[in-house]
Amino acid sequence: MRILVLSDIHANLIALETVLRNAGEFDRIWCLGDVVGYGPEPNACIETLRRYDLVCIAGNHDWAVLDKLELEDFNADARRAVLWTREQLNVQNLDWLHALPDSFRTEDFTLVHGSPRAPLWEYVLTSGIARINFEYLDTSLCLIGHTHIPIIYRYDNDTQNVTAEPLPEEIPVPLQGERMMINPGSVGQPRDGDPRAAFALLDLDTLTLTHYRIEYNVPATQLKMGQANLPLRLITRLSYGW
């Protein structure tokens, strides 16, 4: 089975559709949250995902739109985008967001948006934070989002140390026999200095994960954001991947 792993789409339909067109064959999608927020097409992104065999968990922006998180914890641009998104979403898609779990688990994998310790909100940005979170993990492998940065954290069972390394592009990463926390990066708002949409393909038969980047029509998304009167900073950052 091949699983398309997506995270942090952030209502960027053009990026999402570009990924779906170029991902090749897959059997299921695992989405690690933040389907909405920041971007201009929240309804269309939800409806596109719902056409697939899908496992999707909630992200902090998804919950913020539902008023499940305090908006004071968001910066001014993010708050403005959340409030705009609330006005756009139809009842069916709001109900779909309400039904999303905050985590998902298989025998080998845990899926969370933020971290095993705090699934909705904690950013795993350092090896130290990752090491603490391995203590909360009862599967060998964990897929996370939230930071918008493709990365692997590896746990050494002998030393109990954690090392971090960039997720390599188009090189299959073997997953057997290790404890790992992997972030596939962001589809709709990368923050690693690379504006291309990020995603991964997980092959459960070979137990490997391969990371990909794909160019999409950034100016077209930016035009839609401008037409929606979304914050200029959110529009500009898509050109630079920050």
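Preceding this section is the structure that the text describes.
In this text, all values refer to a predicted model and were calculated from it rather than measured experimentally.

Asks: When you look at the overall build of the protein chain in this model, what are you seeing that I'm missing?
Replies: From N to C terminus, the protein chain includes eight helices and twelve strands. For the protein chain, whose C-alpha radius of gyration is 17 Å, the value lies close to the compact-globule estimate of 18 Å for 242 residues. Overall, the C-alpha framework of the protein chain stretches about 55 × 35 × 30 Å when taken along its three principal axes. Taking the intrachain contacts of the protein chain between residues at least 6 apart in sequence as the baseline, contacts between residues at least 24 apart amount to 71%. A gap of 4 Å separates the mean positions of the 20 positive and 33 negative side-chain charges of the protein chain.

Asks: Got a minute to help me understand helix α4 (residues 76-88) in this structure?
Replies: Since one α-helical turn is 3.6 residues long, residues separated by three or four positions face the same way. With 13 residues, α4 should cover 18 Å at 1.5 Å per step; its first-to-last C-alpha distance of 19 Å lies within 8% of that length. Those residues of α4 that sit buried are D77, A78, A81, V82, W84 and T85. In an axial view of α4, the angular spread of the buried residues amounts to 165°, which keeps them on one side of the axis. In this structure, the buried residues of α4 make contact with α2 (42-49), α3 (60-65) and α8 (232-237). Where α4 starts, the residue carrying a side-chain oxygen 3.1 Å from the main-chain nitrogen of D77 turns out to be N75.

Conventions used here
- Residues numbered from 1 in each chain as written.
- Predicted model: local features only at pLDDT ≥ 70, side-chain atom pairs only at ≥ 80, totals over all residues.
- Heavy atoms only, no water.
- Helix = DSSP H or I, 4+ residues; strand = E, 2+ residues; numbered from the N terminus.
- Rg over C-alpha atoms; globule rule 2.2 N^0.38 Å.
- Contact = heavy atoms within 4.5 Å.
- Lys, Arg positive; Asp, Glu negative; His and termini not counted.
- Charge placed at Lys NZ, Arg CZ, Asp CG, Glu CD.
- Expected span 1.5 Å × (residues − 1).
- Buried < 20%, exposed > 50% of the residue type's maximum accessible area, 1.4 Å probe, protein only.
- Arc of directions from axis to C-beta.
- Polar contact = N/O pair within 3.5 Å; in protein donor to acceptor, adjacent residues only side chain to side chain.

Everything listed here is a matter of coordinates, which is why it stays silent on function.
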